[in-house]
Amino acid sequence: MRGFAVLSVLLLGIGTLTACGPGDPAAPAQRTAPDAALPREATTGELSALRRAEDILERRCMARAGFRLPAAPEPARTGTEPPPMALVLADAAWAREHGYGSRVRTPEETARLRANDPVGDYLRALSPKRRAEALRVWQGGGVDTVEVTLPGGATTGRSTRGCTSEARGELYGDFRVWFGADAVDRGVSALAMSRTQADPAYTKALRSWSDCVTGRGLPHESPERLRAALGDSAPTAKEFEYAVAEAECAVDSGLAEVAVDVGERHLAEVRERYLADVTNARRMRLAALPKAQQIVRDEDPSRPDNQNNALSNTRSNTQKRGTR
């Protein structure tokens, strides 16, 4: 329920994020055995199934409290999955064919998203008192908050009550354990990226990349600023121009190779420090997958597998009636 989640953060600010000041990051979590294999990461499709299951469980929980939330709309753009580009898009051939893909929106998609906000429409239609109650039921009202120190030194917290937390507890088994492991796992990636961007080898290659795109009439200091200048509702031709420039200059300047080498080194270092939480987060996602996929199947009777099951049940019932 992405739209609902954004609205909740704006209205309630339940998921707090506060700086803890300078100094060393949080103390490392207890490490797993040195020879323990790190579980694989969930695929993009698997993560999508987990998010959909979370949304479905949230809506079921809200329904039990008397709030019939509509399902959030599907993502505006589908199609070919873009290559990894946390720091820089480096696949020039892909960029020439797809631009930035689903990472930016066309003007039409932006307009459609603004017009298609069923969850926001539902909440706005409630009386102020009823809306406040819905948000409290959904987010827990800040009661019994669990807080986690992230690898970068900030803290994040969320109420253990409410439908958001209840849904994740039902899916992953233990909300407190899940919230801590998931938050730290995400924080590991953020800290590794920050350290990569500050690495002298990366900043040197970045200057060469900036010179390259400047020579193409796009004077920007980093891929992030290039994409920010593009915005999320640029005409398709402009999107492709920016994406191709970013990718071709990433290769020509050497930034693509440096970003991978330096990024992997920093990620390995930070991940080792928080190995227990990273391992727990991955294990909990993978363990929750069968249940999540079943929840999604049960919620959507239009899926081919559900249609086949319904047809099979109909035939079975018909055969039983015929033998009576």
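Let me begin by describing the structure that accompanies this report. (Residues numbered from 1 in each chain as written. Predicted model: local features only at pLDDT ≥ 70, side-chain atom pairs only at ≥ 80, totals over all residues. Heavy atoms only, no water.)

## A few points about the nonpolar core
Okay, step 1: One finds L89, Y100, W209 and L255 to be the most contacted residues of the largest nonpolar core, which totals 26 residues.
Okay, step 2: Put simply, the parts of the chain that give this core at least two residues each are α3 (92-98), α9 (200-214), α10 (223-230), α11 (236-253) and α12 (255-273).
Okay, step 3: If one sorts the elements of this core by residue count, α11 sits on top with seven residues.
Okay, step 4: Formed by 14 residues, the second largest nonpolar core is a distinct cluster that contains I56, Y172, A292 and I295. (Core = buried A, V, L, I, M, F, W, Y, C linked by side-chain atoms within 4.5 Å. Buried < 20%, exposed > 50% of the residue type's maximum accessible area, 1.4 Å probe, protein only. Helix = DSSP H or I, 4+ residues; strand = E, 2+ residues; numbered from the N terminus.)

## Brief notes about the pairing of strand β3 (residues 155-159)
Okay, step 1: Counting buried positions over the five residues of β3 gives five, a clear majority of the element.
Okay, step 2: Judged by which residues are buried, β3 turns out to be covered on both faces: T155, G157 and S159 on one side and T156 and R158 on the other are all buried.
Okay, step 3: Summarising the sheet, strand β2 (residues 145-149) and β3 pair through five bridges and their orientation is antiparallel. Residue pairing for β3: T145 is matched across the bridge by S159.
Okay, step 4: In this structure, the hairpin formed by β2 and β3 is closed by a connection of five residues, where G153 is found at a positive phi of approximately 105°. (Pairing = 2+ DSSP bridges.)

## Side note on the packing of aromatic side chains
Okay, step 1: According to the stated counting rule, one finds two aromatic pairs in the structure shown.
Okay, step 2: Ring centres 3.8 Å apart and planes at 10° place the aromatic pair Y172 and W178 in the stacked group.
Okay, step 3: Owing to a relative accessible area of 5%, W178 belongs among the buried residues under this scheme. (Phe/Tyr/Trp six-rings, centres within 6.5 Å; stacked < 30°, edge-to-face > 60°.)

## Digging into the side chain of D199
Okay, step 1: Tracing the backbone shows D199 in the loop between α8 (175-198) and α9.
Okay, step 2: In contact with D199, other than residues within four places in its own chain, are V262, R265 and H266. (Contact = heavy atoms within 4.5 Å.)

## Side note on the packing of helix α2 (residues 44-64) against helix α7 (residues 163-172)
Okay, step 1: Contact pair α2 / α7: the axes reach a minimum separation of 8 Å and the direction vectors enclose 125°. Our classification of the angle between α2 and α7 gives oblique. For the pair α2 and α7, the crossing hand works out as right-handed. Side by side, α2 and α7 meet where L50, A53, E54, L57, E58, C61, M62 and R64 of the first sit next to C163, T164, E166, A167, R168, E170, L171 and Y172 of the second.
Okay, step 2: Its residues assigned to classes, the contact of α2 with α7 comprises nine nonpolar, one polar and six charged. (Axes fitted to C-alpha atoms, helices over the stretch in contact; angles between N-to-C directions. Parallel < 35°, antiparallel > 145°, perpendicular 65-115°, else oblique. Left-handed = near helix turned anticlockwise from the far one by under 90°. Nonpolar A, V, L, I, M, F, W, Y, C, P; charged D, E, K, R; others polar.)

## What to know about helix α5 (residues 118-125)
Okay, step 1: Of the positions making up α5, those classed as buried are V119, G120, Y122 and L123. Summarising the axial view, the buried residues of α5 lie within an arc of 160°, below the 170-degree limit, and thus occupy one face. (Arc of directions from axis to C-beta.)

## What to know about the environment of G142
Okay, step 1: With respect to the helices and strands, the residue G142 is situated in the loop between α6 (128-139) and β2.
Okay, step 2: Remark: the alpha-carbon pair of G142 and G157, spanning 15 residues in sequence, is separated by 9.1 Å.

## What about the packing of α8 against α12?
Okay, step 1: Interhelical geometry of α8 versus α12 gives an angle of 135° and a closest axis separation of 8 Å. By the angle between their axes, α8 is oblique relative to α12. You can see that α8 and α12 cross each other, and the crossing is right-handed. Every residue of α12 that contacts α8 at V188, S189, L191, A192, R195 and T196 is listed here: A259, V262, G263, H266, L267, V270 and R271.

## Side note on the state of the cysteines
Okay, step 1: According to the stated counting rule, one finds two disulfides in the structure shown.
Okay, step 2: C61 shares a disulfide with C163; S-S distance 2.1 Å. Handedness here is read from the sign of the S-S torsion; for C61 and C163, about -75°, the answer is left-handed. Highlighted residues: C61 in helix α2 and C163 in helix α7, separated in sequence by 102 residues.
Okay, step 3: A sulfur-sulfur separation of 2.0 Å characterises the disulfide bridge that pairs C212 with C249. (Disulfide = S-S within 2.5 Å.)

## Describing the pattern of salt bridges
Okay, step 1: Taken as a whole and judged by the stated rule, the model has 19 salt bridges.
Okay, step 2: Across the salt bridge formed by E54 and R168, the nearest N and O atoms sit 3.0 Å from each other. Within this pair, whereas E54 is found in helix α2, its partner R168 is found in helix α7, the two being separated by 114 residues in sequence.
Okay, step 3: Given the relative accessible area of 9%, E54 is considered buried.
Okay, step 4: With a shortest N-O distance of 2.7 Å, R96 and E248 are connected by a salt bridge. With R96 in helix α3 and E248 in helix α11, the pair connects residues that are 152 residues apart, well separated along the chain.
Okay, step 5: Connected through salt bridges with shared partners, the residues D182, D185, R186 and R285 form a single ionic network. (Salt bridge = Lys/Arg side-chain N within 4 Å of Asp/Glu carboxyl O.)

Purely geometric numbers; function is a separate question.
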